[in-house]
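# Structure at a glance
Letter by letter, the chains look like this.
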Amino acid sequence: MLLASSSGISPGRTRNGLIVSTVFLVSDTPCVTSSNLCLLVSMRDARKLFRLFKSLNEYQKILASLSKKGQEDEIELFLDVSGRLSFLFYWLFDNLNILSSIKFIKRDPKPYAKIGSSFWFLALLIALVQYGRQLLFSFEEEARLLRKWKNTVERAEADEINQRLTKIRANRRGIYLNLLKTLGDCIPAMSGAEIPQRLFKRTFNDGWIGVGGAISAIITSYQLY
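In this text, all values refer to a predicted model and were calculated from it rather than measured experimentally.

## Side note on the overall build of the protein chain
A tally of helices and strands in the protein chain yields 8 helices and 0 strands. Helices (α) and strands (β) of the protein chain occur, in sequence order from the N terminus, as α-α-α-α-α-α-α-α. Across the 225 residues that make up the protein chain, the buried fraction comes to 41%. Sequence separation of at least 24 residues holds for 74% of the intrachain contacts in the protein chain that already meet a minimum separation of 6.

## Focus: the pattern of salt bridges
One pass over the structure, following the stated rule, counts 10 salt bridges. Measuring nitrogen to oxygen at the nearest pair gives 2.9 Å for the salt bridge that ties Arg133 to Glu76. Taken as a pair, Arg133 in helix α5 (residues 109-151) and Glu76 in helix α4 (residues 74-101) lie far apart in primary sequence, 57 residues in all. Between Glu157 and Lys148 there is a salt bridge; the shortest N-O distance is 3.9 Å. Overall, Glu157 belongs to the partly exposed group, its relative accessible area being 29%. Here the salt bridges do not stand alone but share partners, grouping Glu58, Lys61 and Arg84 into one network.

## Some details on the packing of α4 against α5
Remark: α4 packs on α5, axes separated minimally by 8 Å, with the N-to-C direction vectors making an angle of 160°. Relative to α5, the element α4 lies roughly antiparallel. You can see that α4 and α5 cross each other, and the crossing is left-handed. The residue inventory of the contact of α4 with α5, partitioned by class, reads 17 nonpolar, 9 polar and 3 charged.

## Describing the nonpolar core
Within the largest apolar cluster, 12 residues are counted, these being Phe87, Tyr90, Trp91, Trp120, Phe121, Ala123, Leu124, Cys186, Ala189, Met190, Ala193 and Ile195. The element that contributes the greatest number of residues to this core is α5, accounting for 4 residues.

## Section: the packing of α5 against helix α6 (residues 155-192)
Orientation of α5 relative to α6, taken along the N-to-C sense of each, is 160°, at an axis distance of 9 Å. Classified by the interaxial angle, the pair formed by α5 and α6 is roughly antiparallel. The element α5 and its partner α6 pack so that their crossing is left-handed.

## Concerning the packing of aromatic side chains
Given two aromatic rings, one states the distance between the centres and the angle between the planes to describe the pair. Applying the stated criterion across every chain yields a total of 6 aromatic pairs. Where Phe93 meets Tyr112, the ring centres are 6.5 Å apart and the plane angle is 35°; that geometry is what we call tilted. Within this pair, whereas Phe93 is found in helix α4, its partner Tyr112 is found in helix α5, the two being separated by 19 residues in sequence. Here Phe93 and Tyr112 have matching classes, each one buried. Counting every residue linked through ring pairs, the aromatic cluster contains Phe87, Tyr90, Trp91 and Trp120. One cation-aromatic arrangement involves Arg172 over Phe139; the distance from NZ or CZ to the ring centre is 4.1 Å.

## Considerations on a nonpolar patch on the surface
Nonpolar side chains collect at one region of the surface, where Tyr59, Leu63 and Leu66 lie side by side and expose about 300 Å² of accessible area between them. Examined against the element boundaries, Leu63 turns out to sit in helix α3 (residues 54-66).

## Topic: the environment of Gln197
Along the chain, Gln197 falls in helix α7 (residues 195-200). Judged by relative accessible area, Gln197 falls into the partly exposed class, the value being 26%. Apart from the residues within four sequence positions on either side, Gln197 is in contact with Ser191, Arg202 and Thr203.

Conventions adopted
Residues numbered from 1 in each chain as written. Predicted model: local features only at pLDDT ≥ 70, side-chain atom pairs only at ≥ 80, totals over all residues. Heavy atoms only, no water. Helix = DSSP H or I, 4+ residues; strand = E, 2+ residues; numbered from the N terminus. Buried < 20%, exposed > 50% of the residue type's maximum accessible area, 1.4 Å probe, protein only. Contact = heavy atoms within 4.5 Å. Salt bridge = Lys/Arg side-chain N within 4 Å of Asp/Glu carboxyl O. Axes fitted to C-alpha atoms, helices over the stretch in contact; angles between N-to-C directions. Parallel < 35°, antiparallel > 145°, perpendicular 65-115°, else oblique. Left-handed = near helix turned anticlockwise from the far one by under 90°. Nonpolar A, V, L, I, M, F, W, Y, C, P; charged D, E, K, R; others polar. Core = buried A, V, L, I, M, F, W, Y, C linked by side-chain atoms within 4.5 Å. Phe/Tyr/Trp six-rings, centres within 6.5 Å; stacked < 30°, edge-to-face > 60°. Lys NZ or Arg CZ within 6 Å of the ring centre and 35° of its normal. Patch = residues over 30% accessible without salt bridge, like charges linked within 9 Å, V, L, I, M, F, W, Y side chains within 5 Å. Areas by Shrake-Rupley, 256 points an atom, 1.4 Å probe, with all protein chains shown as cover.

Written out as structure tokens, the structure is:
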């Protein structure tokens, strides 16, 4: 299960998300000087340097998932490995993007950013499917326990069922938060991959991108702290 961190967001990425959101939200504000905006962008890029080699972490997670083969259903295993593999390529191209941005390698960073965002969006779509399956299983388990609760006469067994129902409903609230967080991430990911331009000949404005990133970062901070 990926209830806690399926979308691959770490505390460091959460703080970076808040910086990115701030950049987008203030970029059109008249009172913000260009030097202050450059400082925010520099802070964002500096944080990205600490994300180098995160593809290796994803590789380790893929191996850990594959080691569980036979312990969980094949669909969940396929989705989990596919999501982690998408994040592996996201981090790889994100690293190339930042290294190009700081002129460590003499390449145009924009293509790397676009490809990386495409893999990010793919990973988010996979996460949404996983959360949807979790919700379905949650409601099915709740219905099964309610039927069992109606037919039980033992007080101890009824109390145990009530405890399991309470846990299921608490976990479901976490799934709803993860869905909202992932949907928030979809906005900057789609924008970076230029999906709105290709599908609708339009772009998300900076405000929408900032709001999406802020929603994701705030929910992740709430879940972590």
